[in-house]
There are 4 protein chains.
Amino acid sequence: MASQKDQPGPTDNNDHLIKSADSQHPANLIPELCRKFWTLGWVTGTGGGASIRNDDLVYLAPSGVQKELMKPEDIYVLALSQQVDPKQRIYLRSPPSFKPSQCTPLFIAAFTKRNAGCCIHTHSQWAVLVTLLLETVQSDLFEINNIEQIKGFGKGFQKQGNLGYHDTLKIPVIENTPHEEDLTESLEEAMNKYPDTYAVLVRRHGIYVWGETVHKAKTQAESLDYLFQLAVEMRKLGLPWLSDFSFALL
Amino acid sequence: MASQKDQPGPTDNNDHLIKSADSQHPANLIPELCRKFWTLGWVTGTGGGASIRNDDLVYLAPSGVQKELMKPEDIYVLALSQQVDPKQRIYLRSPPSFKPSQCTPLFIAAFTKRNAGCCIHTHSQWAVLVTLLLETVQSDLFEINNIEQIKGFGKGFQKQGNLGYHDTLKIPVIENTPHEEDLTESLEEAMNKYPDTYAVLVRRHGIYVWGETVHKAKTQAESLDYLFQLAVEMRKLGLPWLSDFSFALL
Amino acid sequence: MASQKDQPGPTDNNDHLIKSADSQHPANLIPELCRKFWTLGWVTGTGGGASIRNDDLVYLAPSGVQKELMKPEDIYVLALSQQVDPKQRIYLRSPPSFKPSQCTPLFIAAFTKRNAGCCIHTHSQWAVLVTLLLETVQSDLFEINNIEQIKGFGKGFQKQGNLGYHDTLKIPVIENTPHEEDLTESLEEAMNKYPDTYAVLVRRHGIYVWGETVHKAKTQAESLDYLFQLAVEMRKLGLPWLSDFSFALL
Amino acid sequence: MASQKDQPGPTDNNDHLIKSADSQHPANLIPELCRKFWTLGWVTGTGGGASIRNDDLVYLAPSGVQKELMKPEDIYVLALSQQVDPKQRIYLRSPPSFKPSQCTPLFIAAFTKRNAGCCIHTHSQWAVLVTLLLETVQSDLFEINNIEQIKGFGKGFQKQGNLGYHDTLKIPVIENTPHEEDLTESLEEAMNKYPDTYAVLVRRHGIYVWGETVHKAKTQAESLDYLFQLAVEMRKLGLPWLSDFSFALL
């Protein structure tokens, strides 16, 4: 058994794929992340989710689970290379009593198109409020600059280093659809239009954030939520999201 | 003793009804839920409560208890089939030092009229604020649509599936009464008028939410609270709760 | 030693007064309460405090301690009957490295004038904001009615039962002084003017809340903070704190 | 080994400098503080940091770490007396997989110019919002008075006692720079201009707070954040930050 660890096995529902004593194993990390996200209000009422990719294997939180109670046994596993037809998705390992998440094709898009190692989906109210505020001016792009926390984001796909303080962080917004899987096309379009973004907002719904590693996806998701909350508070106080301060103010 | 587990016993205050090593036993689940609800600000200062039905047995949090400190020994148990006259309620098991909750007939209404398996009562400030905002326009119905979190609700009593993104979630509001038990009639009227609702708001008081299972009652309560908080923030930002976006916006 | 438990001892700094395996012993309860209050934002940065009276013995959190880190060893103990001259307060037991709290005479006022068993002092921002809003209309009385949570308060000193839903909760406000001990006189005046109140707001400072038991003081403090937060949010939304709804609205 | 404890050792990366069974050892305290700060929203997404000085040794959180997951092994150690040229900083002990924090010279400024024992850097949104509100009136000084929590601050460098209730707390604001290290000069200028301040706000970025001890730095950081949050809420409610109440109001 020990020698098969982390290798897809032919029988027994491949439970070895989600059993590990290593706290950094994806099947242990996803429940830990989801507990944290529940506390942050990101995955209220079974909303939202998270997925980690380890080489060719993708680990996924199931649909409809109470995120703060999730266990490694609840995790789905699939092999990225075998997902030829998204309509005929084959799972190497399925939990006995859940359904796959409708977020799956969106997570896969982050893994295949952006080589992400982790993708997080939240229903954060700050993200939703930002999309609602942008809707009033028919905008599909969130922009903010001259806030230190912007430095928490990478410059973009296959680029080195992080954004600078004076750079403008741009997060595209796509329109929501009745079925979450149907977001995939417009998510991929947004990725093409903004190749350096690490996140896509979904109007009246939430956000997808990814990163090369769990660390980067999670800290970028935190930094974004910080900026969305700040942006909503700025709006309440009549403060603009964009400014020009490349010179000393006082 | 072990063979009598979960069977009403004739003697000894039936303490076996609330003693179980199973974390999913109602007498263990109610305290765990209440601890969580206290952290969410739903059951501040002994307000609110929760009840679980297991076939004919109903488990109830007592009145006046600090919800984050509740223990299985604090739980009341009654048999649903024996509640002929609500004024002469008979408890199979009573805790030594508490009083029954005035919420009891309202929980029972959810169990008998809607076949619920769990009913949650909160004093959430977001729920109260929504009822206050509706009061200013003399409305007794909360309505919101085109928000993803709406999909967290079932379509209704004896119906399959969940609400869709474009569906309008409608939660009736009843007026508060000096004595909580006196809410029962208007709660039942609201259930009759809105047979598919899983919740009833109580003006200037809070909300009752139920579901077929503990899982559904709890996640629907979370999703509702999310929507109420969002609605209050939307109001602060001048954003309407209802919109017409069955077509692509941009 | 065991037989001396909870009896003032003549020697050894009376450490037996604050050592007990009973989780309900005041020296264990005060740190537990203070940890909870820190999480609620009531005792930020060493502000606020708590005291429990057990017959003639008074247990007090010290001055300047980080409340979420407090330990039983940090507790002061004094005998109420021996506090003839407040300027010459004698402690039966003092922690080695702290100073007595300036709140002490205010806690004692609640114990001697109202026979309280516990008194809690918080710097809650909601309490402070309410006093600031009242200041703009030169008011020294917070009033709110027709909110269910009001039922969380007792009718008053030596009275049975709790306030009703339609009763108006009245909490007097006293002006702050540079030295906390100097609040004692005006606190006692407020107690005389409003003999049934269980709390006194201190302008631009916070609140003192008491109750016959730890349970009542703590749940009344929670209910008050709930109402203050609600009142601030109501103000932001243009909703009045007082209304006349002794009849059915709709 | 035991005899070398807390003494810089010549070999083995000096891991003995960060290994201690004492919970009050800086290498244990910094992770504990950072966990707390993460929960408070002060160090979201690897932002912010903390440093403790013990005589000549300075312990530092690394750059880019998830603060709630930090471990003693992640800590940098340097000797204050050996930091002749800030561009050639020499660490007695470095963690294997992190980079030094850009905050280091700012922490060192607090240690060398103010003899601080601990310095905390947060990205608190309340601090950022206060700097944004001040920016609209081109102000580089936050001022508030007549709030009890002001008494949580020391009177100033090499002075005894704390501020009084009627004293005006003044916190200077410096402009942010693209590279955090470049803040050092203006931070030191602010220290010179306001020699008694224990904190410097950084526009659109956050705050640096220090104190003679860990206890004082941490409680002053808490009290400041309390005041910034209060100030933002006061602004939403139209309440001024400064007032003149050295006489009884009512």
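Residues numbered from 1 in each chain as written. Chains lettered and ligands numbered in written order. Predicted model: local features only at pLDDT ≥ 70, side-chain atom pairs only at ≥ 80, totals over all residues. Heavy atoms only, no water.

As named in an unreviewed UniProt entry, chain A is Methylthioribulose-1-phosphate dehydratase, taken from Lachnellula cervina. Its UniProt record gives chain A a comment under Catalytic activity (unreviewed entry), which states: "5-(methylsulfanyl)-D-ribulose 1-phosphate = 5-methylsulfanyl-2,3-dioxopentyl phosphate + H2O". Under the UniProt heading Pathway (unreviewed entry), the entry covering chain A gives this text: "Amino-acid biosynthesis; L-methionine biosynthesis via salvage pathway; L-methionine from S-methyl-5-thio-alpha-D-ribose 1-phosphate: step 2/6." (UniProt positions renumbered as here; feature names shortened; annotations may be inferred.)

Engineer: Please clarify how the sheet that holds strand β5 (residues 118–122) of chain B should be interpreted in this entry.
Structural biologist: In a beta sheet, neighbouring strands pair by backbone hydrogen bonds and run either parallel or antiparallel. Residue and element names in this part refer to chain B. The strand order across the open sheet built from nine strands is β4-β3-β2-β1-β5-β9-β8-β7-β6, with neighbouring strands paired in mixed fashion. Both edges of this open sheet fall to β4 (91–93) and β6 (141–145), since each of them pairs with a single strand only. Averaged over all pairs of adjacent strands, the angle between their axes in this sheet comes to 25°, without regard to strand direction. Helix α3 (residues 125–135) rests against β6, β7 (168–174), β8 (199–202) and β9 (206–211) of the sheet, and its axis sits at about 70° to β8. In this fold helix α4 (residues 184–193) packs onto β7, β8 and β9, with an angle of close to 155° to the strand it touches most, β7. (Pairing = 2+ DSSP bridges. Helix = DSSP H or I, 4+ residues; strand = E, 2+ residues; numbered from the N terminus. Axes fitted to C-alpha atoms, helices over the stretch in contact; angles between N-to-C directions. Contact = heavy atoms within 4.5 Å.)

Engineer: Help me understand the UniProt feature "binding site: substrate" (unreviewed entry) in chain A in this model?
Structural biologist: Here, UniProt's "binding site: substrate" (unreviewed entry) annotation points to A:Cys103. The class of A:Cys103 is buried, set by a relative accessible area of 4%. (Buried < 20%, exposed > 50% of the residue type's maximum accessible area, 1.4 Å probe, protein only.)

Engineer: Got a minute to help me understand the sheet that holds strand β7 (residues 168–174) of chain D in this structure?
Structural biologist: Residue and element names in this part refer to chain D. Across the sheet, which stays open at both edges, the nine strands sit in the order β4-β3-β2-β1-β5-β9-β8-β7-β6 with mixed pairing between neighbours. Each edge of the sheet is formed by a strand with only one pairing partner; in this case those strands are β4 (91–93) and β6 (141–145). For this sheet the average axis-to-axis angle between neighbouring strands, irrespective of direction, equals 25°. Bridge analysis of β6 against β7 gives five bridges, and the strand direction is antiparallel. Along β7, the bridge assignment pairs Leu141 with Pro172.

Engineer: Please clarify how the relation of the copies chain A and chain D should be interpreted in this entry.
Structural biologist: For the pair of chain copies, the relating operation is a rotation around an axis with a shift along it. Superposing chain A onto chain D takes a rotation of 90° combined with a translation of 0.0 Å along the rotation axis, leaving an RMSD of 0.0 Å. Such values leave the two copies arranged in the relation of a four-fold axis. The rotation axis passes nearest to the C-alpha of A:Lys236 in chain A, at a distance of 5.5 Å. A low fraction, 4%, of the interface residues of chain A reappear at the interface in chain D, so the copies pair through non-equivalent surfaces. (Least-squares fit on C-alpha atoms with pLDDT ≥ 70 in both.)

Engineer: Can you walk me through the UniProt feature "active site" (unreviewed entry) in chain A in this structure?
Structural biologist: According to UniProt, the positions carrying the feature "active site" (unreviewed entry) are A:Glu148. When you line up the elements, A:Glu148 lands in the loop between β6 (141–145) and β7 (168–174). The buried category is assigned to A:Glu148, whose relative accessible area is 4%. Beyond its immediate chain neighbours, meaning those up to four positions away, A:Glu148 contacts A:Tyr165, D:His123, D:Asn176, D:Thr177, D:Glu180, D:Arg204 and D:His205.

Engineer: Sorry if this is basic, but what is going on with the nonpolar core here?
Structural biologist: Side chains of a nonpolar character, in soluble globular proteins, are inclined to be buried together. A:Phe142, B:Phe142, C:Phe142 and D:Phe142 are the most contacted members of the largest nonpolar core, which has 236 residues in total. Residue contacts for D:Phe142: discarding those within four places in its chain leaves D:Val130, D:Leu134, D:Leu169, D:Lys170, D:Ile171, D:Val173, D:Leu201, D:Leu227, D:Phe228, D:Ala231 and D:Trp241. (Core = buried A, V, L, I, M, F, W, Y, C linked by side-chain atoms within 4.5 Å.)

Engineer: I keep staring at the interface of chain B and chain C and nothing clicks. Help me out?
Structural biologist: Interface size, as often reported, equals the accessible area lost upon joining of the parts. The interface is formed by 33 residues belonging to chain B together with 28 residues belonging to chain C. Of the roughly 2,700 Å² buried where chain B meets chain C, counting both sides, 60% is carbon and sulfur surface. Inspection of the region where chain B meets chain C yields three salt bridges. Between C:Glu233 and B:Lys236 there is a salt bridge, with the nearest N and O atoms lying 2.6 Å from each other. There are 18 residue pairs in polar contact (both at pLDDT 80 or more) connecting chain B and chain C. Broken down by element, the residue count for the side of chain B that touches chain C peaks at six residues, all from α3(B). A per-class count over the side of chain B that touches chain C returns nine nonpolar, 15 polar and nine charged. (Buried area = accessible area lost by both parts, 1.4 Å probe. Salt bridge = Lys/Arg side-chain N within 4 Å of Asp/Glu carboxyl O. Polar contact = N/O pair within 3.5 Å; in protein donor to acceptor, adjacent residues only side chain to side chain. Nonpolar A, V, L, I, M, F, W, Y, C, P; charged D, E, K, R; others polar.)

Engineer: Help me understand the packing of aromatic side chains in this model?
Structural biologist: Aromatic rings considered in pairs are described by the distance between their centres and by the relative angle of their planes. In the structure shown here, the tally under the stated rule is 20 aromatic pairs over all chains. Ring centres of A:Phe142 and A:Phe228 lie 5.1 Å apart, and the angle between their planes is 70°; this geometry places the pair in the edge-to-face category. Placement of the pair is A:Phe142 in strand β6 and A:Phe228 in helix α5 (residues 214–236), with a sequence separation of 86 residues. Take A:Phe228: its relative accessible area is 1%, and that puts it in the buried class. With a centroid separation of 5.3 Å and 65° between ring planes, the pair formed by B:Phe142 and B:Trp241 is classed as edge-to-face. Here the residue B:Phe142 occupies a position in strand β6, and B:Trp241 occupies one in the segment after α5 (214–236), the gap between them amounting to 99 residues. The same class applies to B:Phe142 as to B:Trp241, namely buried. (Phe/Tyr/Trp six-rings, centres within 6.5 Å; stacked < 30°, edge-to-face > 60°.)

Engineer: Help me understand the interface of chain A and chain D in this model?
Structural biologist: With 28 residues of chain A in contact, the opposing surface of chain D contributes 33 residues. Both sides of the chain A and chain D interface together cover about 2,700 Å² of buried area, and 60% of this is carbon and sulfur. Linking chain A to chain D there are three salt bridges. The partner of A:Lys218 in a salt bridge is D:Glu68, with the nearest N and O atoms 2.3 Å apart. The interface formed by chain A and chain D contains 19 residue pairs in polar contact (both at pLDDT 80 or more). Looking at the side of chain A that touches chain D, the elements with two or more residues in it are α1 (26–39) and α5 of chain A. Residue composition of the side of chain A that touches chain D, grouped by class: eleven nonpolar, nine polar and eight charged.

Engineer: I'm lost on the confidence of the model for chain A in this one. Help?
Structural biologist: Low pLDDT marks regions whose predicted coordinates should not be analysed in detail. In the predicted model, chain A carries a mean pLDDT of 92, and 92% of its residues have values of at least 70. Note that pLDDT drops below 50 for residues 1–11 of chain A; the model gives that stretch 17 contacts with residues more than four away or on any other chain. (pLDDT = per-residue confidence, 0-100.)

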